[in-house]
Amino acid sequence: MRSILVVDDDKEIAGLISIYLENEGYQVIKAHDGEEAILQLGQKEGSIVLIILDVMMPKLNGMDACRKIRETSSIPILMLSAKSEDMDKILGLMTGADDYMIKPFNPLELTTRVKSLLRRSLQYNAEHQASVPASLYLDGLEINRSTHEVTANGREVSLTAREFDILYLLARQPGRIFSAEDIFQQVWKEKYYVSNNTVMVHISNLRDKLEKELGYKLIQTVWGVGYKINA
């Protein structure tokens, strides 16, 4: 059975989330600080398919725990926070989270977002998979669709599931300009809102990781239009 790791120092909130997820058929593993979350993830490697991670926690906060997890894993992470400022959301996404929700939240919306993240990371349409190449090769870069692995000049680049999907989307059609709306709708499979800066944050994070290894800017910004990878 697929397991979801719920990490929150508020045991009542962790319990509430667990009830809703278990009603959807998921097995839930709970942790109450960042250190315990990383320990649980290590002990149950392979069975945990998603993490719901609170920001404000003792011992190791959610931001630092997310960074630590991203050193070795691209498992989807949904971050929870009582802070609603845009900069807090951006920081959460830049540490490697795939989605971000503000407390208090609607439990039904949370389960919907969980399903969306899992659908993107775990379920692939067989017909679509057959129509795309298993690997893409650019200058110094290899993108393996089957294993979700990316190497730059022979060195592995650790990407989140969202970052990988964005890179693969752009790399499949070099030279084509994708607007933020195009990227959001094709990667997140949800309706795009004009004020949404999620794509920008993910592109920025993706660029930093790739340029560090490649030594050049792979993803270009076409101001006022969108993003592309040069042919």
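Cut-offs applied
- For every chain, the first residue of the written sequence is number 1, and numbering continues from 1 onward in sequence order.
- Per-residue local features are limited, in this predicted model, to residues with pLDDT of at least 70; the limit for side-chain atom pairs, both in listing and counting, is 80 or more; totals at the level of whole chains, interfaces and linings are taken over all residues.
- The side-chain values count all of the structure's non-hydrogen atoms but skip hydrogen atoms and water molecules.
- Lines fitted to C-alpha atoms define the axes here, with helix axes fitted over just the stretch in contact, and angles between the N-to-C directions of these axes take values from 0 to 180 degrees.
- Going along the chain from the N terminus, every DSSP run of H or I of four or more residues is numbered as a helix, and every run of E of two or more is numbered as a strand.
- Put simply, angles under 35 degrees are roughly parallel, angles over 145 are roughly antiparallel, angles from 65 to 115 are roughly perpendicular, and the rest are oblique.
- For any pair of crossing helices, the crossing counts as left-handed if the nearer helix is rotated counterclockwise from the farther one by less than a right angle, and right-handed if it is rotated clockwise.
- Contact between two residues is taken to exist if any of their heavy atoms lie within 4.5 Å; hydrogens are not considered.
- For this classification, the nonpolar set comprises Ala, Val, Leu, Ile, Met, Phe, Trp, Tyr, Cys and Pro, the charged set comprises Asp, Glu, Lys and Arg, and every other residue, Gly included, is treated as polar.
- Side-chain atoms within 4.5 Å are what join buried Ala, Val, Leu, Ile, Met, Phe, Trp, Tyr and Cys residues into a set we call a nonpolar core.
- Residue burial is assigned from relative accessible area. The probe radius is 1.4 Å, only protein chains are included, and a residue is buried under 20% of its type maximum, exposed over 50%, and partly exposed in between.
- Only strands joined by at least two bridges in the DSSP assignment are considered to pair.
- The span expected for a helix works out to 1.5 Å for each residue beyond the first.

Viewed as axis vectors pointing N to C, helix α2 (residues 34–43) and helix α3 (residues 62–70) meet at an angle of 25°, and their least axial separation amounts to 9 Å. In terms of orientation, α2 lies roughly parallel with respect to α3. Note that α2 runs across α3; the crossing there is right-handed. Across the interface between the two elements, Gly34, Ile38 and Leu41 of α2 pack against Ala65, Lys68 and Ile69 of α3. Its residues assigned to classes, the contact of α2 with α3 shows four nonpolar, one polar and one charged.

Ranked by size, the top nonpolar core spans 29 residues in total, and within it Leu141, Ile143, Leu167, Ile183 and Leu210 carry the most contacts. At the level of secondary structure, the elements contributing two or more residues to this core comprise β7 (141–144), β8 (149–152), α7 (161–172), α8 (180–187), α9 (198–214) and β11 (226–229). For Leu210, the residues in contact, after removing those within four places along its chain, are Leu141, Val157, Leu167, Gly215, Leu218 and Ile219. Grouped together as the second largest cluster of nonpolar side chains are 20 residues, Ile48, Val55, Cys66 and Ile75 included.

Bringing the pairing of strand β6 (residues 135–138) into the picture now. Of the pairings in the sheet, the one linking β6 to β7 comprises four bridges and is antiparallel in character. By the bridge assignment for β7, Ser135 is matched with Asn144. Counting the residues that bridge the hairpin from β6 to β7 gives two residues, and of these Gly140 lies at a positive phi of roughly 80°.

Let us look at α7. The end-to-end C-alpha separation of α7 is 16 Å, in line with the 16 Å expected for twelve residues at 1.5 Å each. Within α7, eleven of the twelve residues are buried, which leaves it mostly tucked inside the rest of the structure. Listing the buried residues of α7 in full gives Ala161, Arg162, Glu163, Phe164, Asp165, Ile166, Leu167, Tyr168, Leu169, Leu170 and Ala171.

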